[in-house]
Protein chains: 2
Amino acid sequence: MESLDDDTRTFILHFGEMGSHWGINRTVGQVYALLYLAEKPLCADDIVAALGVSRSNVSMSLKELQAWRLVKLQHLSGDRRDFFSTPDDVWEIARTLIEERRKRELDPTLSVLRDLMLRSDEQDESHSQQRIREMHDLLEQSMRWSDDLLRLNPSTLKQVIRLGDGVRKLVDFGNRKT
Amino acid sequence: MESLDDDTRTFILHFGEMGSHWGINRTVGQVYALLYLAEKPLCADDIVAALGVSRSNVSMSLKELQAWRLVKLQHLSGDRRDFFSTPDDVWEIARTLIEERRKRELDPTLSVLRDLMLRSDEQDESHSQQRIREMHDLLEQSMRWSDDLLRLNPSTLKQVIRLGDGVRKLVDFGNRKT
DNA sequence: CATTATTTTCAGTAATTACTGAAATTACGG
DNA sequence: CCGTAATTTCAGTAATTACTGAAAATAATG
């Protein structure tokens, strides 16, 4: 950690601390941050050297980051070690993050809500049944929407994001059309 | 917990378990779920009775949920106890959740990235400086966009979400116009 | 197929986070 | 103000999660 320059260290430490808010632990956050800034792919021992954590901790952290599809493994010619890096395009990174979070945070909930709705009585809907349906519909709608957005290619997505306030005008226009 | 009907219990237990993914603890998740389904506002002892956790735990959990603006405190006439409930409109709930998560997860990061960029050399941008700037720009853009979306009134927002795939067509149209 | 480099697993331990019960504080009603 | 109902705080403890070192597994090389 001492061998890193000030800005890099600040960045890495911040990602470690934010880890808790993001549902990952400190080391995982730091490993990701290090790889994100790295100019070239790093091997596990590079990470051990940079962060000063145990080799096994790095191994587990890399495994978790791979499960998140946030780092990719690659091999350098004439070297049998595994090297790791993050994708170059930050938009692609964001997309992966959103997809994976959805998978972990939203999908299981939607599945439970669906089950609960199946058991519910169509005719005489109780208050909690109604509440469950409202949450279900909201989640389903939001997910359909984010699916549509994520399906856009990066450059179209960038355009949508850049629209900003223009979204409002487009909606108004869309309404007038129907 | 035994006094609750099956579906309610399933719902509450699920929210307790999901808590870890969402950065809140089990009890906080359960308290929220209970209040979300409840027909009327509940007081702390109602929650203790329903969930079987300690009074102090309920107190702390309610405090956290209030900090998240996910439950509101109210008083019933002729009763000096505090009662709690969740907003009726699920879209309002979603908006609050997004705003609060942004505040906790994104704002601090954006602030660190801004600081790091200030120190950076405009002329001769190093690889990590460039990487930091890319992440900063992405976050800033996304936040501006979500701000714009959240500023829409609920019914317009619902329309945007319902647009779904139509977003693509609207963007195409927007492009043709400029 | 033996050697060596590399990665993974996992039991034990350290660190952190969640929860409780008791005591302190607040605030209402007489 | 006094008494009481209600809530909050907090020190201690329980439960969970993170991390390490050593041992096991995997895989490349001659």
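Peer 1: Would you mind showing me how to read the protein's contact with DNA strand D here?
Peer 2: For DNA strand D, the set of nearby residues contains 16 residues, the closest of which are Thr27(A), Ser54(A), Ser56(A), Lys63(B) and Asp82(B). Counting only the atoms of DNA strand D that lie within 4 Å of the protein, the sugar and phosphate share comes to 61%. Between a phosphate oxygen of DNA strand D and a side-chain N or O atom of Asn25(A), the distance comes to 3.3 Å. In this structure, Thr27(A) approaches DNA strand D through a side-chain N or O atom, which is 2.9 Å from a phosphate oxygen. Secondary-structure elements contributing two or more residues to the surface near DNA strand D are helix H2 (26-37) and helix H4 (55-67) of chain A together with helix H4 (55-67) of chain B.

Peer 1: When you look at the pattern of salt bridges in this model, what are you seeing that I'm missing?
Peer 2: If charged atoms from side chains of opposite charge come close, those side chains can pair. A full pass over the atoms with the stated rule returns 32 salt bridges over all chains. For the salt bridge of Arg101(B) with Glu105(A), the shortest nitrogen-to-oxygen distance reads 3.4 Å. On the criterion of chain membership, the pair formed by Arg101(B) in helix H5 (residues 90-119) and Glu105(A) in helix H5 (residues 90-119) is interchain, its members lying in two chains. Each member of the pair, Arg101(B) together with Glu105(A), is buried.

Peer 1: Got a minute to help me understand the packing of H5(B) against helix H6 (residues 127-151) of chain B in this structure?
Peer 2: The axes of two packed helices give the description: the angle between them and the distance between them. Residues and elements named next belong to chain B. Taken N-terminus to C-terminus, the directions of H5 and H6 make an angle of 150°; their axes are 10 Å apart at the nearest point. Comparing the axis directions of H5 and H6 gives the class roughly antiparallel. Relative to H6, H5 is oriented so that their crossing is left-handed. In contact with Arg 95, Ile 98, Glu 99, Arg 102, Leu 106, Asp 107, Thr 109, Leu 110, Leu 113, Arg 114, Leu 116 and Met 117 of H5, H6 contributes Ile 132, Arg 133, Met 135, His 136, Leu 139, Glu 140, Met 143, Ser 146, Asp 147 and Leu 150. Of the residues belonging to the contact of H5 with H6, the class tally is 11 nonpolar, three polar and eight charged.

Peer 1: What exactly am I supposed to notice about the nonpolar core here?
Peer 2: In a soluble, globular protein the nonpolar side chains are often hidden away together inside. In this structure, Phe11(B), Leu34(B), Leu35(B), Tyr36(B), Ile47(B), Leu51(B) and Leu62(B) are the most contacted members of the largest nonpolar core, which totals 41 residues. Of all the elements in the fold, those that place two or more residues in this core are H5 and helix H6 (127-151) of chain A together with helix H1 (6-18), helix H2 (26-37), helix H3 (44-51), H4 and H5 of chain B. Ignoring any residue separated from it by four or fewer positions in sequence, one finds Phe11(B) in contact with Leu113(A), Leu116(A), Ile132(A), Met135(A), Ala33(B), Tyr36(B) and Leu37(B). Within the second largest apolar cluster, 40 residues are counted, among which are Phe15(A), Val58(A), Leu113(B) and Leu138(B).

Conventions we followed
In every chain, residue numbers begin from 1 and rise along the written sequence. Chains carry letters and ligands carry numbers; both start at the beginning, A for chains and 1 for ligands, and go up in the order they are written. Two thresholds apply to this predicted model, a pLDDT of at least 70 for residue-level local features and 80 or more for giving and counting side-chain atom pairs, whereas whole-chain, interface and lining totals are computed over all residues. Based on all heavy atoms of the structure, the side-chain values leave hydrogens and waters out of the count. Summary of the distance rule: residues count as near a molecule or strand when at least one heavy atom falls within 4 Å of that molecule or strand. Pairing of N or O atoms within 3.5 Å defines a polar contact, subject to two protein rules: one partner must be a possible hydrogen donor and the other a possible acceptor, and residues neighboring in sequence count only if both atoms are side-chain atoms. Elements are defined by DSSP. Helices are runs of H or I of four residues or more, strands are runs of E of two residues or more, and each kind is numbered from the N terminus. Each reported salt bridge corresponds to a side-chain nitrogen of Lys or Arg within 4 Å of a carboxyl oxygen of Asp or Glu. Only protein chains enter the accessibility calculation, which uses a 1.4 Å probe. A residue is then buried if its area is under 20% of the maximum for its type, exposed if over 50%, and partly exposed in between. A fitted line through C-alpha atoms serves as each axis, taken over the contacting stretch for helices, and the angle formed by two N-to-C directions is quoted from 0 to 180°. Just so you know how the angles are binned, under 35 degrees is roughly parallel, over 145 roughly antiparallel, 65 to 115 roughly perpendicular, and the rest oblique. Each helix crossing is assigned a hand: it is left-handed if the near helix lies turned anticlockwise from the far helix by less than a right angle, otherwise right-handed if that turn is clockwise. What makes two residues a contact is simply this: any of their non-hydrogen atoms within 4.5 Å. Only Asp, Glu, Lys and Arg are considered charged, only Ala, Val, Leu, Ile, Met, Phe, Trp, Tyr, Cys and Pro nonpolar, and every remaining residue, Gly among them, polar. Put simply, a nonpolar core is a bunch of buried Ala, Val, Leu, Ile, Met, Phe, Trp, Tyr and Cys residues held in one set by side-chain atoms that sit within 4.5 Å of each other.

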